Every structure is written in structure tokens, then in C-alpha cells.
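Here is what each chain is made of, one letter per residue.
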Amino acid sequence: MRIASHYREKCIALGKLTCMCICGIATSAMMGQAGTPQLSDACVMRLSDRPVTVVVPSRPGGGYDTYARAIASEMEHTIGYTVRVINVGGAGGAIALAQVEAQSDDEILIYINDIGSLVNSTDTTASLGFGSDAFEILSVFLSEPETWLATENLDLVDPDLSQLIFSTTSLGSNLVPIALASDVLGLTVQIVPGYDGSAESTAAVMRGETDLTTASLSSARKSARSSDLEPVMVISDGPAKQAPDLPYLLGPGSVFDRRSVNWSEAERTQKLELGKTVVTLATTRRALFTAATVDEETLSCLRVATDLTLSSERLAAQLEQQRRPLDPQSSEKSRQIFTDVRQAFAENRDVIRAQADAFGQ
Amino acid sequence: MESYFLAISTGLGNVLSFPNILIPVLGTAIAMVGAFLPGIGNSSLTAIVLVATLTWDPVSVLLLFGALTGGATFMGSITGILFNVPGNASSAAVLLDGHPMARNGRARTAIACAATASATGSLFGVLVLLVILPFVQPLLLEFGPLERLLLGVWGLSTIIAIPNLSPLRALAVTMLGLLCAMIGSDPTSGLSRWTFGSLQLSDGFGTIAVLLGFLTLSEVIGWRQSYQVSSSGTDPASGSTKEGIKSVFAHPGLTARSSIIGTLVGVIPGVGGTVASFVAYGQAVQWSDKPETFGTGDIRGVIAPEAAVDSKDGGSLLPVLAFGLPGSEGGVILITVLAIHGLVPGTPMLTHDLPLSLTLIFALLMSNILTSIVGVSLSPYLAKLTRLRIDRIALPALIASLVTIVQLNGLLTDLYVAAAFGLLGYLFKRLDWPRVPFIIAFILGSFIETNYALTVRLMDVGRISVWERPAAIVIIGLILATLAWMLLGRRKTTKQAFRTKSRGDRLVAFGLTAIALAMALAPTYDGGVYSPYALSMAWMAALSCGIVAVTGLLAQKSAFVERTIPNEHRLSVGLLTVLPAAVWALGVSTAIALLTFFWLRFSADLMRIGTVWILVVSGSVLLAIHLLIENVARLRLPEPGILTILQSFLGG
């Protein structure tokens, strides 16, 4: 493998100028015809001398795999070179994370996953040997709040609401949208973890075993169409952009507002602060990452390439055809979001730990 | 009701009209090819097809994916019947009687029987589906964690029905299987168990890696001894296709019972074909007036599991259509397909889109029938494979298995696991330790544990009670009936079965006891958090293996029969033993090429090939595997260990 990469480097070095000219012209022609901003020649050269691979931390056919293949296909138009997609499942995405973190100088690996999952994995999996600071975010391409899903007759504002029972997959990744969010609303909850996937958690509510479950907003709405369940609260500060008609956690007219009417000011303020943290941590933000060891110039070019790719109308149309929403943020805003999420996790690690202990983990 | 019949006729019309009828044929062909390609698994192939069909109309897409779902189920039974190595987990039951039939010169009968049972089971399953489809939503809601736990326990109880088992050893290996299934992560807390810090073991031992090792590699080790599969002395292709087909219709009650079991098991998400096939096999033994013939080539032992596995396919579509619950990897992709084409699982798919749901179901049925027709047509030719000298196909089978294992998840750990279980399976086979109970327990282990944990938790919060769940009560009745059959039935076990028979036997028993004991004591030295369930399984495994070991100590020496490794197996055992180290040090392709070289070199006299040819073949294997890994499967494997050591040495 080392011999092959050595000869590959040789070939690239020998043909580099010719290849760059041809490909740069071709890329420019394509972009010119599409009328879209182009990647600079310097960036094209920088990104073309190493293979670019998108690493999906799950098996083929799932949501992240679909996004990865569509994004990779569009990125090929952007940079003018093949972008591969590989699936590296296992250990909840940690194996893929480890591979991306350890990428060598002669390749560019891009990792696709939720920001919260990445931060949670790196913070809680000691055997990884690195933290979330080992990664740089390229861009967020979809943000969705977590949503509580329940049977139609559940009224969260009802002051007589007694203990609620949540079904979920694993405890660790769902403590925030369940335990902390319940704490904000002053609700007593029990959690039943261990269901095999979010679909099974939803089925548990349908069967009457549990009262609620959580899911991303789009999944919750899909489940609502297939069953008698409905989204009863979106974990957002204000009405959710994607579903403004649904009840929401914080803000004027929110569930919190109506439940906390008779609370003391001190309690309201404390819970409000916690609520804002919950909103930050409980939003699913699907993003692209790479290792922090990638040099600054390459990273800068990758960010520009990602921005161009994600803002492409062709990509939006392709994902629309597959019923996959797309809501890209600029790389600058994405970096701010990543920093905010990491900070929120770090500041609230003890609170989350206390909740985990309370639920017997 | 009129609209229901109209929907059925629309669905049938969609499948049988021209040119629509060509699409299930295409899907079946793709599924059958996918079952054989080592570098591309079925799920990867389906994902590729998904993208290619984005612009197709919903009817065509459902025709294709229905065929993909049903197309390859039967294929896994062929290798099980012919060579005693199942193509997939759910085919493991067929080889219990299918392979003895092949050895008795009735391979053609067995394959034809399996193909016919497959088609019949599928047809029966679809008929049952059509009857229950209008009521399926409330039916599905009856099956929660409690019912699944009990189904898993019922699946385990079918171990009792496996012929010629020593109860003590069966218990010991069952506990070991349950214990091995728990290695990885706790399903409730997500905390690691018995991984000793290894990230690659976080998801536990891969099921396919364990199966391929335990059942396939352990068999292939013994193939260096030259023999033909059929030992009866008669022409192995002299079995009768007609007899195979007729046998299915000669046992209508058995076929019907097995098909019902398969359909109902398939309806429950996550249970899978393995439970269906073994439960069906178990009930076939229980209902038989001559249970002692099972395991020796009884054709009923082929009919039951095969009918159950294929009837399961139709049932498995119901949770997807009724609720959007995947229940399996194929289900995930199917849900994606439905979403892409604007189809909403649930009430819409069972009402105004019912014709489309039925199109999917009928496409699956057609695919099962097509595969069976291919199987029946090819049975005379497939049966002739038993004429092959087994040592000639040993090396290709070994290489294909190893490559398949690596490309599963792109993890070398899978290969190490497969090699370890290959050696363990070989030892079990040599020393008459039962392998099938281990496999059943391993496959069902995490399913049982997950549903046990959920059931206990739901009972803690007062959400379920056994006495309010009619389905649970029925399954408990079935479990008790199975156990009663065991206690009151005609099982014969000689005293000798309770005593170990050789020093090797004793060594294995003590070795397994030590491993189980070490796992039971893990909390004291690795600081991990282990649930009471996990620890109790570990202690029970240690106890049961310990009892086997102690009874061996008490065995009279006169009862000993020394079991050494035959000379012709020693090379293959040795190569498999060093393979993991070679893979770590030299990389997959180099290690397998070296294995090929040494295998051929030490078989040169038997095979009459020269050194030049050996080098050519080994070099070709190296190149082929390298290309497959790098270009086809595109795996990212770690650098060879020897290079890493050299780099650090030179860098230092």
C-alpha cells in the first residue's frame, strides 16, 4: 500500500501541471455554465493532490449515507476530482472518528455526523484517546430540534400531569432532551432505555408501554403520519422554523411559559437558563468535519469547497427528490455553533453526569 | 371487503403484466448475484440500486425491492446441504438433516426439497398475510418486549429438540453462547463489557464473523483430507428431484405449521429467520413419531426450516408497511425507498395505497418462486458438486470465507474473531461438543438480553403485567409444552454422554471454565460496570462448564478414547492459528497469499503441482485480494504491523 501511494505521488507530481490546467479549465467551464462561484485554482490544486473521502459512520442506505453520497457527488463538481464515500460502522461511530482523526498527510478524510454525537462520543469514550478539539468543523448542513412525540391526548401544560415515562435507545445520548428538558418543565420522568432504534422507541409509545419518546423534528413528523402519535413539543427557543404551529419549549407562549406561571422568579430564572442550555445541546446539527491536523490552507480550501457544494441548487434539488431537507450554514457560523456546543457540554458536564447518576447509569 | 379483493387483483396485475414482470426477474437476479459476490454485500448492492432507481415510478420500484428482499434467502441453504457450511445464519438449521442427506447420496433430493419447501412456505406465508393484513396493526401492537423475550426463550428451548445431544454439554455451550453474545456494550447503559479497552469490540463479536468461523472455517480445516462429500458409495447425483418435490406435498401438515411459524415470527421486528428456522425444526421433531431419525438425513428436517425461513420474508414486510418499523437492515432501506417515492408507512399503506403494498408482497413471492425454480432446475448439477474431491475446494472456500469476513465491516477484528471461533468450532467437532446450541444461543443472546432488560424496566414502572398480555400467555404455554415434551418424551441419552471421553475433551472443558470464570470475575480487575444479568450469565457459564470438567475428572480411564488432531488436519489448524498474527504483521492480502503458498506447498504431492505454479497462484491471490480490498470494497485497513514497527524503529 505504501509502495502504491509512493508511485501515486510520483505520477501526480509528474502530471500535476497538466492535470491542473485541464481540470481547472473543465471545472471553470462547468461552473461558468452553471453561473455559480468557483473554487480558486489554488484551492483546486491543493485539494486535488490527495484523495478526498467522506467517511460515513454507519452502514449503507441510512440517512447519513444518503446525504454523504449526494454531497460527495456535488463536491466532485466543485473540486473537479473524484470524491469517494466509504462506510465505517461500529462502536457508535467511534471507529470512523478514530480513522478520521488519524488521517495521514496524503489523504483528506471528511467525517459526517451530528455535532452533539461527535462531542458526546469523544468526551465519553476514554479509549479513543482524543477529544472533540481533535476535529475542525467544515459546515453544518442541517439543523433540527429534538421533538417530544406522544399520543394525541397528552397535554404537557396540565398541572396535574403525573409521572411520565419515556422510551429511548440509549441513556447517554438522550439525557439532555429527556431528563434536562423535563427538569426545565418541572416534570417527573422515568426513562426506559434500550429500545433497538428510534422506530422501536416510537412503537413503544404506540403500544402504550411508555408515554413519550424523542426524535428529530422530521422523524417525529414522519412517525405522526404513520400512526396516531403527534409531536407535543419542539425543544426550541421560540417556534421552530420548520414547524411554527407546534408547541415549543421556551419563549413567549411556550410550554415552559404556561407551566411556570405560578413559580417563583428565582426558580423561573434558573430553569430558563437551564432551558437555553437544553436547546443548545438538544438540537441535531448534521455537519461535516475533518481532523484538526489538516494544515490551515487546506482547511480553508475545504471550507470554501464545502460552502460552495452545500449551496448548490443541484444538490438541493437532488436531496429534495429524496425527501431530505437541506439547511446549510456558512463555515464561519458553523464554527461558532461547534464552539458553542462544545462549551455547553463542557460547562454542563456535571449536570449531565448528575442526571445520569440519578437514572442509574 | 370488495375493495380489498380489488386491491389484491391490482397488486397481482402489477406483478404479472408485461413489461412489469421483467422487473422482479431482474431483482431476483441481482439478489442471487449479491449472495455470491465476496466484495459486495447485499446491503451495499441494495443501497446502490436505491440511488439508481430514484426516478422510477413507485410500482416499478416496489417490484424491484420486493424481489431484492426475497431473492436470495434460499441460496444460503445450498452450501449448507452440500458442504455443511450455511450461507447465512437462518440456513444453519437446514444443514442438520440436509447435509446428512447429501452424504447419503441424496443431495439432489435435498436441494429439490429445500427449493420446493421454500416456494411453498413463501406462498403459504403470503396467503396468511392476505388473511391477516386488514387486522395487522392491532396484531403488531400486541408484541412488545415481553412477548419478544418469551419468543427468544422459546427459540432457545428448541435446542432440546436437536437430536443426539448430551444435555450437560448442551447446557454448557448454550451458556457460553449467551455469554459471548454479551461481549461488547450493555444494551441499556451503553457501557463497555469485556472489551478490555478495544474499540473494535464495542459492538461485540460480529455475528457473521462468528458463524463463518464456527461453522465454515471449522469445517474447511477438515477438508484437507481427501474425500467426496457423498460417502454412500452410490452416485451422489442419484437422488431424485421428483422425490424432493413430492416430499413437501407428502407432509402438508408439517409445511403448513412451519410456514405459520415463519410468518408469525417474521411479523415481529428484530426476531429474524434464525429463530423461525430453529423453532420450526424443533416443532417438526416434537410432532414426529420417530424423532430419533432427525439429524441423520430425515427429509422433514429440511422441509420445516426451509418453509419457515421463506414464509418469514413476507411477514417481515408488515411492520415496515404498517408502522414504518424496519426490524432489519433490509427494512431500513425499504423505508427509505418508500419515503423517496412519497409513500407513507402506516394507515395510508394499508388503505388507499394498499394495492402498492400488495405489489411489494407479490413481487417478493414471485422472487421466492423464481429462486426455487432455479434451485430445482439446477439441483441435478449442484448435486454433482458432491462428487468433487473436497480437498480441491478447501483452499478456495477458505480464501473466499476470509475475504468475506474482512469486507463485512472493514475490521481486522472480525477476521481474528472468525479464526478463533474457527479453531474452537473445530475442537468442538472433534470432541463431540455440540455446536448448534452455541450458535442458537449466540444469535439469540443479545435479543433476549435487550428484551429482558426492557421487560424488567417496564414492570418496574408498572407498565406491563404478564397476566394482561394474551400473546405472552400463549408463548409461555408453548415453552412449557416444549419442556414437557423434553421431560416426558422419548429422548435417549446414554450414560457415556455425561462423561468426557478424552484428555483433549477435559482440556477444553477446563479451558472454557477458566475463560467463563475470568469473565465472571472481571468487575474485580477491569473496573467495569456489569449488570446483574451479565454477571449471572457468566457465573452460570462457568458453573456448567465446570460441571462438565469435573465429570470428566471422574470418568473412568477405560472409557477414554484419545482424540488427537489427524495429520492431514495439522497444517490447516496450524495455518489458521498463526493467521491472525500474520494478518496483523503483514496485512490481509500478504497473509492470505502466504497461507495459500504454504497450503499448496504442503499439498503439492497430493495435488501434483510444481513450485512455479504454487508461486503463480499465491501471487495471483495476493494481487486479487489487494485489488478487491483497495478498489472494489474500498476498505481502510490498518497498515501492516511490521511496517509500523520499522517506522518507529527508524524514526527513533
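Scroll up for the structure.
None of these values were measured; they are calculated from a predicted model. (Residues numbered from 1 in each chain as written. Chains lettered and ligands numbered in written order. Predicted model: local features only at pLDDT ≥ 70, side-chain atom pairs only at ≥ 80, totals over all residues. Heavy atoms only, no water.)

Visitor: Help me understand the overall build of chain A, please; the structure alone is not making it clear to me.
Guide: Each helix and strand counted, chain A has 14 helices and 10 strands in total. The contacts of chain A with a sequence gap of at least 6 include a subset with a gap of at least 24, amounting to 77%. Accessible surface, chain A: about 15,100 Å² in total, of which carbon and sulfur atoms supply 50%. (Helix = DSSP H or I, 4+ residues; strand = E, 2+ residues; numbered from the N terminus. Contact = heavy atoms within 4.5 Å. Areas by Shrake-Rupley, 256 points an atom, 1.4 Å probe, with all protein chains shown as cover.)

Visitor: Can you walk me through the interface of chain A and chain B in this structure?
Guide: One frequent convention defines the size of an interface as the accessible area lost when the parts assemble. Opposite the 45 residues of chain A that make contact, chain B presents 57 residues. Together, the buried faces of chain A and chain B total about 4,400 Å²; carbon and sulfur atoms form 57% of this surface. Seen at the junction of chain A and chain B, the total is 5 residue pairs in polar contact (both at pLDDT 80 or more). Among the residues making up the side of chain A that touches chain B, the classes are represented as 18 nonpolar, 16 polar and 11 charged. (Buried area = accessible area lost by both parts, 1.4 Å probe. Polar contact = N/O pair within 3.5 Å; in protein donor to acceptor, adjacent residues only side chain to side chain. Nonpolar A, V, L, I, M, F, W, Y, C, P; charged D, E, K, R; others polar.)

Visitor: Is there a simple way to explain the environment of A:Arg259 in this structure?
Guide: Residue and element names in this part refer to chain A. Assignment of secondary structure puts Arg 259 in helix H9 (residues 255–259). The buried category is assigned to Arg 259, whose relative accessible area is 15%. In contact with Arg 259, other than residues within four places in its own chain, are Leu 156, Val 157, Asp 158, Leu 161, Leu 185, Gly 186 and Leu 187. (Buried < 20%, exposed > 50% of the residue type's maximum accessible area, 1.4 Å probe, protein only.)

Visitor: Help me understand the packing of helix H3 (residues 63–79) of chain A against helix H12 (residues 313–321) of chain A, please; the structure alone is not making it clear to me.
Guide: The relative placement of two packed helices is expressed as an angle between their axes plus a distance between the axes. All names here are of chain A. At their nearest, the axes of H3 and H12 sit 10 Å apart, and the two run at 155° to each other. Accordingly, the angle class assigned to the pair H3 and H12 is roughly antiparallel. Our pair here, H3 against H12, has a crossing hand that is right-handed. The residues of H12 that touch H3, namely those facing Tyr 67, Ala 70, Ile 71, Glu 74 and His 77, are Arg 314, Leu 315, Gln 318 and Leu 319. Taken together, the residues of the contact of H3 with H12 sort by class into 5 nonpolar, 2 polar and 2 charged. (Axes fitted to C-alpha atoms, helices over the stretch in contact; angles between N-to-C directions. Parallel < 35°, antiparallel > 145°, perpendicular 65-115°, else oblique. Left-handed = near helix turned anticlockwise from the far one by under 90°.)

Visitor: So what exactly am I meant to see when it comes to the side chain of A:Gln103 here?
Guide: Relative to the assigned elements, A:Gln103 resides in the loop between helix H4 (94–101) and strand S3 (108–114). Each residue touching A:Gln103, except ones within four places of it in the same chain, is listed here: A:Ile108, A:Leu109, A:Thr290, A:Ala291 and A:Val294.

Visitor: How should a positive patch on the surface be read in this particular structure?
Guide: On the surface, a cluster of positive charge is made up of A:Arg221, A:Lys222, A:Arg225 and A:Arg323. Mapped onto the fold, A:Arg225 is located in helix H8 (residues 217–226). (Patch = residues over 30% accessible without salt bridge, like charges linked within 9 Å, V, L, I, M, F, W, Y side chains within 5 Å. Salt bridge = Lys/Arg side-chain N within 4 Å of Asp/Glu carboxyl O. Lys, Arg positive; Asp, Glu negative; His and termini not counted. Charge placed at Lys NZ, Arg CZ, Asp CG, Glu CD.)

Visitor: What is the right way to look at the pairing of strand S6 (residues 189–192) of chain A in this model?
Guide: Within a regular strand, the side chains alternate between the two sheet faces. Residue and element names in this part refer to chain A. By the bridge criterion, 4 bridges tie strand S5 (residues 164–167) to S6 in an arrangement that is parallel. Bridge pairing in S6 links Leu 164 to Val 189. With respect to chirality, the unit in which S5 leads through helix H6 (residues 175–185) into the neighbouring parallel S6 is right-handed. (Pairing = 2+ DSSP bridges. Right-handed = clockwise from strand over helix to strand, strands pointing away.)

Visitor: What am I meant to see in the nonpolar core here?
Guide: Side chains that are nonpolar tend, in soluble globular proteins, to be buried together. All names here are of chain B. Trp 194, Phe 205, Trp 433, Phe 438 and Val 588 are the most contacted members of the largest nonpolar core, which has 158 residues in total. Top contributing element to this core by residue count: helix H21 (residues 436–460), with 11 residues. In this structure, Phe 438 is in contact with Val 173, Leu 176, Gly 177, Cys 180, Val 210, Phe 214 and Phe 421, ignoring residues within four places of it in sequence. (Core = buried A, V, L, I, M, F, W, Y, C linked by side-chain atoms within 4.5 Å.)

Visitor: Teacher, can you tell me more about the pairing of strand S2 (residues 83–87) of chain A here?
Guide: Residue and element names in this part refer to chain A. Looking at chain direction, strand S1 (residues 52–56) and S2 are connected through 5 bridges and run parallel. Its bridge partner being in S2, Val 55 is matched across the sheet by Ile 86. Crossover S1 to S2 through H3 is right-handed.

Visitor: What's the story with the packing of aromatic side chains in this structure? I'm lost.
Guide: Geometry of an aromatic ring pair is reported as the spacing of the ring centres plus the angle between the planes. Applying the stated criterion across every chain, the model contains 19 aromatic pairs over all chains. Centre to centre, the rings of B:Phe205 and B:Phe421 are 5.4 Å apart; their planes meet at 75°, and the pair counts as edge-to-face. Remark: B:Phe421 occurs in helix H20 (residues 412–430) and B:Phe205 occurs in the loop between strand S2 (192–193) and helix H11 (207–221); sequence separation between them is 216 residues. Ring centres of B:Phe214 and B:Phe421 lie 6.2 Å apart, and the angle between their planes is 75°; this geometry places the pair in the edge-to-face category. Taken together, the residues B:Phe214 in helix H11 and B:Phe421 in helix H20 connect sequence positions 207 residues apart. Residue B:Phe214 shares its accessibility class with B:Phe421, and that shared class is buried. Members of the aromatic cluster, each reached through a chain of ring pairs, are B:Phe205, B:Phe214, B:Phe421, B:Phe428, B:Trp433, B:Phe438 and B:Phe442. Across the ring face of A:Tyr64, the terminal group of A:Arg286 is positioned such that the distance to the ring centre comes to 4.7 Å. (Phe/Tyr/Trp six-rings, centres within 6.5 Å; stacked < 30°, edge-to-face > 60°. Lys NZ or Arg CZ within 6 Å of the ring centre and 35° of its normal.)

Visitor: What's the story with the environment of A:Trp263 in this structure? I'm lost.
Guide: Residues and elements named next belong to chain A. In this structure, Trp 263 sits in the loop between H9 and helix H10 (265–282). Separated by 204 residues in sequence, Trp 263 and Arg 59 place their C-alpha atoms 48 Å apart. Leave out the neighbours within four places in its chain, and Trp 263 touches Val 184, Leu 185, Gly 186, Phe 256, Arg 268 and Lys 271. Among the polar contacts listed, one links the side chain of Trp 263 to the backbone oxygen of Arg 259, at a separation of 3.5 Å.

Visitor: I keep staring at the packing of helix H19 (residues 390–409) of chain B against helix H27 (residues 588–601) of chain B and nothing clicks. Help me out?
Guide: All names here are of chain B. Between H19 and H27, the least distance of the axes is 11 Å, while the angle of their chain directions is 165°. The angle between H19 and H27 places the two elements in the roughly antiparallel class. Note that H19 runs across H27; the crossing there is right-handed. Together, Ala 394, Leu 395, Leu 398, Ile 399, Leu 402, Val 403 and Val 406 of H19 and Val 588, Ile 592, Leu 595, Thr 596, Trp 599 and Leu 600 of H27 make up the contact between the two elements. Among the residues forming the contact of H19 with H27, the class breakdown is 12 nonpolar, 1 polar and no charged.

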